[in-house]
Amino acid sequence: MNEGLDAASRERARLSFDLDVDICIVGAGLAGLTVALEAARLGASVAVLEGRHVGRNASGNQLGTVMPGYALSLGELIERVGFEDASELWALSKQGAEYVRGLASEESMPGIAMSEGVLEVSNVDVGDQLISRLQMLNEDFATEAEGWQIDRVRSELKTGRYFHGVYYPRAFQIDGRKYIHGLASLARRSGARIFEDTPVVSIDPSGIRKRIVTPSARLRASHIVLAGNIHLGAPLRRLSETLLPVWRYAGITAPLGDRLGEALAFRGSVTDTDNIDHFRVVDGDRLMWASPETTWAANPKRFAGAISRRIATIFPQLGRVEIAEAFGGAIGQTVHGMPQIGQLRKGLWVASGFGRQGLNTSAMAGQLIARSILWGDERWRLFSPFELVWAGGITGRVAGYFVGLWNRGASAAGGALARHRERVRIQDRVREARLAEANRQAGQRPAVRRPQPGRPVPGRPRPVRPQAPPPPQPQPEAPVTADHGEGEGV
Ligand SMILES: Cc1cc2nc3c(=O)[nH]c(=O)nc-3n(C[C@H](O)[C@H](O)[C@H](O)COP(=O)(O)OP(=O)(O)OC[C@H]3O[C@@H](n4cnc5c(N)ncnc54)[C@H](O)[C@@H]3O)c2cc1C
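Undergrad: So, helix α4 (residues 127-140): which residues are in play, and what are the values?
TA: When the terminal C-alpha atoms of α4 are compared, their 20 Å separation across 14 residues agrees well with the 20 Å that a helix rising 1.5 Å per residue should span. All buried positions along α4 are accounted for by Gly127, Leu130, Leu134 and Leu137. Buried positions in α4, seen along its axis, are confined to an arc of 80° and lie on one side of it. α4 presents Asp128, Gln129 and Glu139 as exposed residues on the side facing more than 90 degrees away from its buried surface. If you follow the buried residues of α4, they end up packed against α3 (74-103), β5 (146-148) and β6 (165-173). With its phi angle positive at about 45°, Ala142 sits one or two positions after the end of α4.

Undergrad: With reference to specific residues and values, describe the nonpolar core.
TA: Ranked by internal contacts, the top residues of the largest apolar core, which has 71 residues, are Ile25, Val46, Leu77, Leu89, Tyr179, Ile341 and Phe383. Counting residues per element, this core draws most heavily on α3, which supplies 11 residues. In this structure, Ile341 is in contact with Val350, Phe354, Met364, Ala365, Leu368, Ile369, Trp380 and Phe383, ignoring residues within four places of it in sequence. Val121, Tyr167, Leu287 and Ile314 belong to the second-largest nonpolar core, a separate cluster that totals 25 residues.

Undergrad: For the site of the ligand, give the residues involved together with the corresponding values.
TA: As a structural note, the neighbourhood of the ligand is formed by 37 residues, with Glu50, Arg56, Asn57, Ser59 and Gly355 the closest of them. Between the ligand and Ser59 there is a distance of 2.5 Å, counted from an oxygen atom to a side-chain nitrogen or oxygen. Residue Leu63 places a main-chain N or O atom 3.1 Å away from a nitrogen atom belonging to the ligand. Breaking the shell around the ligand down by element, the ones donating at least two residues are α2 (30-41) and β15 (323-333). Class assignment of the residues belonging to the shell around the ligand gives a composition of 15 nonpolar, 18 polar and four charged.

Undergrad: Residues and numbers for the side chain of Thr334, please.
TA: Examined against the element boundaries, Thr334 turns out to sit in the loop between β15 and β16 (340-345). For Thr334, the side chain forms a polar contact with the main-chain oxygen of Met338, separated by 2.9 Å.

Undergrad: Outline the confidence of the model for the protein, supporting the account with residue identities and numerical values.
TA: Here the protein shows a mean pLDDT of 87. Residues at 70 or above account for 87%. Segment residues 1-9 is flagged for pLDDT under 50; beyond a separation of four residues in sequence, or across chains, it makes eight contacts in the model. Confidence drops under pLDDT 50 across residues 454-490; counting only partners more than four residues distant or on other chains, this segment forms 56 contacts.

Undergrad: Got a sec to walk through the side chain of Asn61? Specific residues and values, please.
TA: Among the structural elements, Asn61 can be located in the loop between β2 (46-49) and β3 (65-66). Residue contacts for Asn61: discarding those within four places in its chain leaves Gly55, Arg56, Arg177, Phe327, Gly328 and Gly329.

Undergrad: Let's hear about the packing of aromatic side chains: which residues, and what values?
TA: Overall, the coordinates contain 12 aromatic pairs when judged by the stated rule. Their ring planes at 70° and their centres at 6.2 Å tell us that Tyr70 and Phe383 sit as a pair that is edge-to-face. Note that Tyr70 is positioned in the loop between β3 and α3 and Phe383 in the loop between α10 (359-375) and α11 (393-443), a separation of 313 residues in sequence. Each member of the pair Tyr70 and Phe383 is classed as buried. Ring centres of Phe83 and Phe141 lie 5.5 Å apart, and the angle between their planes is 65°; this geometry places the pair in the edge-to-face category.

About the cut-offs
- Residues numbered from 1 in each chain as written.
- Predicted model: local features only at pLDDT ≥ 70, side-chain atom pairs only at ≥ 80, totals over all residues.
- Heavy atoms only, no water.
- Helix = DSSP H or I, 4+ residues; strand = E, 2+ residues; numbered from the N terminus.
- Expected span 1.5 Å × (residues − 1).
- Buried < 20%, exposed > 50% of the residue type's maximum accessible area, 1.4 Å probe, protein only.
- Arc of directions from axis to C-beta.
- Contact = heavy atoms within 4.5 Å.
- Core = buried A, V, L, I, M, F, W, Y, C linked by side-chain atoms within 4.5 Å.
- Near = heavy atom within 4 Å.
- Polar contact = N/O pair within 3.5 Å; in protein donor to acceptor, adjacent residues only side chain to side chain.
- Nonpolar A, V, L, I, M, F, W, Y, C, P; charged D, E, K, R; others polar.
- pLDDT = per-residue confidence, 0-100.
- Phe/Tyr/Trp six-rings, centres within 6.5 Å; stacked < 30°, edge-to-face > 60°.

Below, the structure written as structure tokens:
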């Protein structure tokens, strides 16, 4: 455990006295702590109230991959808000990533282990779509991105499951747990006060000075920032209900030794375009891998087997791997796929709904909200088109679960079809090459005395009739089940 973590646990304190502050933040996840750090740096008095402990949920259980963008794809973003606003929103998401890079130095967060490069791979063969996406990223959205052909992807990730890839050289990864605790330490050092085991049970946002109630204290603040994600609950239940909670589970394998290097040369993070698998190498020879999801809370240990099976599906050469540690957290998904950032009424702010991509987006939200409160920066209004939409309650969760299964099933089926087509193409090519070779040999045969029927020419083999190889046999596919697509059910 590093000094930052020691300090974080030493200072763990419950709020047991009344307090008056400029800004009260509900939730000590990535979002709440970034608002706290930025607001404290700009001179505000800040109290963060956390129901359990710093990084208790998703923020303390993520994989540490930092990329530009949002859960909503670039194409959909342009469709929703037009090119100009999409371009500004994208630029903000890049600034969020650079903000994390700026904080995550070895000096301020020892052991943060930053490394560069993230690869987004496709489960299906869509080279033509890749070119237009790259053009858009490079030319219109000023984002460095390289297109990788299938051969390049497969030389780095030795699996036939992936086709093309988009490589982001400026995206990076860090130790996610060190980051959240480092963020808390930085916020404290800048003057923010963080109270743990202090759930907020109600708020009264009317009036200039707003009231916040916890089991053993009352606060008054000019601004309240709701950064409680799906757990917010009682203080503003209607807000929690605009998020679909999705529990995502991850695991770290036992050391895999040299066999890992033989399966994976790439050392950055890998995500697939269907958002099913997300993995990277950690500690030299272990894999950290996130994949299973549910719309109800479950013990992450139950998913160790599913993660191990998923790894074997993608990298069969690794065999069955042991999962040494399993963890997970709940992400809040909005109906439109964009985070909730902005002012609900005067002095009442929201920062949540960051989905699977919370590092850059929560950093951006923290900056935008702190700067709006203290400097009047109004750029958060770019998020106004993405309103608070009810996520459907229990019915929404059930539907969300089945939509998730359907997406996984569709992705598995699409991948199986793409790989089958690839095999057929290869078999066709081999057959054509054999025919061409046979024809070439037949055409080059030197003119010789016509042998008498039934008598071979001495010293010369019998001419061989070119034979077409047997037609390609479709390979049996792994059964596509609704349960995570390929037999990795939980
Ligand atoms: C397995 C996994 C891997 C991931 N990997 C990545 C990744 O590599 N890169 C990436 O960018 N994103 C990743 N994410 C997503 C990212 O972790 C989330 O988007 C992000 O952590 C959300 O942060 P948050 O602050 O909004 O919410 P949370 O982390 O949920 O924090 C909210 C906090 O508020 C507290 N709280 C709630 N209500 C109250 C209340 N009434 N009173 C007091 N406290 C309250 C909660 O206890 C909690 O601590 C991953 C997520 C998971 C689960």
